[in-house]
Number of protein chains: 2
Amino acid sequence: MNSKRVAQETANLLQDYLTYQAVRTILDQLAETDPNQALWLRKFSRQYNLRDSEAYLQALMAQRKDLVMRIMKVREALAAEVVDSLPEMVRSGIEQSNLSYRCQILERLTQTQPENTDNSHPDESDSSE
Amino acid sequence: MNSKRVAQETANLLQDYLTYQAVRTILDQLAETDPNQALWLRKFSRQYNLRDSEAYLQALMAQRKDLVMRIMKVREALAAEVVDSLPEMVRSGIEQSNLSYRCQILERLTQTQPENTDNSHPDESDSSE
């Protein structure tokens, strides 16, 4: 496993995602304080894909530097509040999910074992379960 | 800002993403050791969207429990290797990106200031930059 590559790709994804969450937060704020601006930003965000946050911000830069500033501030604040709790949340989320699949597998094995004694590779041709 | 909601949504996204990276890792391994299985898993992964890792694993469970086990192990290992480095990487990525936008904004302001003295809200009608 190339964990260095995975770490970098995951960090990039997170940066894009926190930028998206920042835009979402600002859209909620604007909807209350300045509906016209909210409408404008919503339209812009449909036009430019937020999955590539750098391209989105570059495009916004040409039209509304004030909104770029606001997004930068909000994503920095979100990162400060959120990222430190992520390692524990993700580790325990994966552990919990894995545990539930292991239980399901054990349940199915114990249910089928009496009928199926030759289960060196029970799943290869099994698509009916 | 509802940072608790953002933290939970981000953790869910990360869990899905590490599952995707686990499948990608296994596809690379299978391509070398067992091309037929690689082909099968690639086909399956096109059919079931990995963006929802739980639905993907549930569907795979019905056909190949051994691959579900393998994905669980790999995503757990990836999480163990990767997640602790993410907070620092994301914080510094965002800081660096913000710094570069701030520089761009400053550059543009200092370039345009002599011609444009009334800049209480210079961006409102500015879409030509």
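Note that the coordinates shown come from a computational prediction; the quantities given were computed from them, not determined experimentally.

**Some words on the overall build of chain A**
Then step 1. Secondary structure assignment for chain A yields five helices and zero strands.
Then step 2. Ordered by position from N to C terminus, the α and β elements of chain A give α-α-α-α-α.
Then step 3. Sequence-distant contacts, at least 24 apart, represent 52% of the contacts inside chain A between residues at least 6 apart.
Then step 4. For chain A, the accessible area works out to roughly 7100 Å², and carbon and sulfur atoms hold 49% of it.

**Here's the deal with the interface of chain B and chain A**
Then step 1. The interface of chain B with chain A comprises 64 residues on the first partner and 64 residues on the second.
Then step 2. Note that Arg 102 of chain B is salt-bridged to Glu 76 of chain A, the shortest N-O span being 3.8 Å.
Then step 3. Counting across the chain B and chain A interface gives 22 residue pairs in polar contact (both at pLDDT 80 or more).
Then step 4. If you list the elements that add at least two residues to the side of chain B that touches chain A, you get helix H1 (3-33), helix H3 (53-61), helix H4 (65-82) and helix H5 (86-112) of chain B.
Then step 5. For the side of chain B that touches chain A, the element with the most residues is H1 of chain B, which contributes 16 residues.
Then step 6. In terms of residue class, the side of chain B that touches chain A is built from 27 nonpolar, 16 polar and 21 charged.

**Here's the deal with the packing of aromatic side chains**
Residues and elements named next belong to chain A.
Then step 1. Overall, the coordinates contain eight aromatic pairs over all chains when judged by the stated rule.
Then step 2. A ring pair is formed by Trp 40 and Phe 44, whose centres lie 5.4 Å apart and whose planes are at 15°; its orientation type is stacked. Taken together, the residues Trp 40 and Phe 44, both in helix H2 (residues 35-47) and four residues apart, mark about one turn of the helix.
Then step 3. Taking relative accessible area as the criterion, Trp 40 reaches 29% and is therefore assigned partly exposed.
Then step 4. Judged by relative accessible area, Phe 44 falls into the buried class, the value being 3%.
Then step 5. An aromatic cluster is defined as three or more aromatic residues linked by ring pairs; in this entry it consists of Trp 40, Phe 44, Tyr 48 and Tyr 56.
Then step 6. In this structure, Arg 64 packs its charged tip against the face of Trp 40, placed 5.5 Å from the ring centre.

**A closer look at the nonpolar core**
Then step 1. Tyr 56 of chain A together with Tyr 56 of chain B are the most contacted members of the largest nonpolar core, which has 66 residues in total.
Then step 2. Ignoring anything within four residues of it in the chain, the contact list for Tyr 56 of chain B reads Val 23, Leu 41, Phe 44, Ser 45, Tyr 48, Asn 49, Leu 50 and Ile 71 of chain B.

Cut-offs applied
- Residues numbered from 1 in each chain as written.
- Chains lettered and ligands numbered in written order.
- Predicted model: local features only at pLDDT ≥ 70, side-chain atom pairs only at ≥ 80, totals over all residues.
- Heavy atoms only, no water.
- Helix = DSSP H or I, 4+ residues; strand = E, 2+ residues; numbered from the N terminus.
- Contact = heavy atoms within 4.5 Å.
- Areas by Shrake-Rupley, 256 points an atom, 1.4 Å probe, with all protein chains shown as cover.
- Salt bridge = Lys/Arg side-chain N within 4 Å of Asp/Glu carboxyl O.
- Polar contact = N/O pair within 3.5 Å; in protein donor to acceptor, adjacent residues only side chain to side chain.
- Nonpolar A, V, L, I, M, F, W, Y, C, P; charged D, E, K, R; others polar.
- Phe/Tyr/Trp six-rings, centres within 6.5 Å; stacked < 30°, edge-to-face > 60°.
- Buried < 20%, exposed > 50% of the residue type's maximum accessible area, 1.4 Å probe, protein only.
- Lys NZ or Arg CZ within 6 Å of the ring centre and 35° of its normal.
- Core = buried A, V, L, I, M, F, W, Y, C linked by side-chain atoms within 4.5 Å.

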